[in-house]
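Next come the chains, spelled out residue by residue.
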Amino acid sequence: MAHAMMVSFPPVVTRVLFEDRYVSLTLDPARGLVRYVRTREPFPTLDAMRASNAAIAASGAGLLRASLTLLLDLREAPPRNDEDFESEATKALARFAPGFKADRKSTRLNSSH
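Thresholds applied
- Residues numbered from 1 in each chain as written.
- Predicted model: local features only at pLDDT ≥ 70, side-chain atom pairs only at ≥ 80, totals over all residues.
- Heavy atoms only, no water.
- Core = buried A, V, L, I, M, F, W, Y, C linked by side-chain atoms within 4.5 Å.
- Buried < 20%, exposed > 50% of the residue type's maximum accessible area, 1.4 Å probe, protein only.
- Helix = DSSP H or I, 4+ residues; strand = E, 2+ residues; numbered from the N terminus.
- Contact = heavy atoms within 4.5 Å.
- Salt bridge = Lys/Arg side-chain N within 4 Å of Asp/Glu carboxyl O.
- Phe/Tyr/Trp six-rings, centres within 6.5 Å; stacked < 30°, edge-to-face > 60°.
- Lys NZ or Arg CZ within 6 Å of the ring centre and 35° of its normal.

K.L.:
Tell me about the nonpolar core, and name the residues and values.
P.N.:
Formed by 21 residues in total, the largest nonpolar core has its most connected members in Leu25, Val34, Tyr36, Ile56, Leu63, Leu70 and Phe100. The element contributing the most residues to this core is helix α1 (residues 46–59), with four residues. Contacts of Phe100, omitting those with residues within four sequence positions, involve Val34, Leu63, Arg65, Leu68, Thr69 and Leu70.

Structure below.
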């Protein structure tokens, strides 16, 4: 009779670097992964978006980016057709993303979701 071999894995320890109503930023050091996850909550104003982006940047300032992969999970982000918000989001990403070993984007392709 064959016996199943038990394999155990170390527990996944994910550290929350930042979290607000709009975004969570977590670090999984074992996997070398930083996850930026956008929630369904829309930013009510550009100032709220800028404040959240500034807090995210400060929270990720000490990361050793060259050894980490950045995963951007934007699937739940409410769609916007507003040039000011789109411009601000693009600038914030351009400031935050450089230096990571790799980045991956996960976006919703079907906006009727």
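K.L.:
Explain the pattern of salt bridges residue by residue, including any values.
P.N.:
Here the structure, examined in full by the defined rule, presents 10 salt bridges. Across the pair Asp73 and Arg35 runs a salt bridge, and its minimum N-O distance is 3.5 Å. With a gap of 38 residues between them, Asp73 in strand β4 (residues 69–73) and Arg35 in strand β3 (residues 33–38) connect regions that are remote in the sequence. Exposure remark for Arg35: the relative accessible area of 31% places this residue in the partly exposed category. Put simply, Glu88 and Lys91 hold a salt bridge, and the shortest N to O gap is 3.9 Å.

K.L.:
An account of the packing of aromatic side chains is needed here, citing residue identities and associated values.
P.N.:
Describing an aromatic ring pair means giving the distance of the ring centres and the angle of the ring planes. Summed over the entire model, instances satisfying the criterion amount to two aromatic pairs. Taking the centre distance of 5.8 Å and the plane angle of 45° together, the rings of Phe96 and Phe100 count as tilted. The pair Phe96 / Phe100 is uniform in exposure class, with both members buried. Over the ring of Phe96 we find Arg65, and its NZ or CZ is 4.7 Å from the ring centre.

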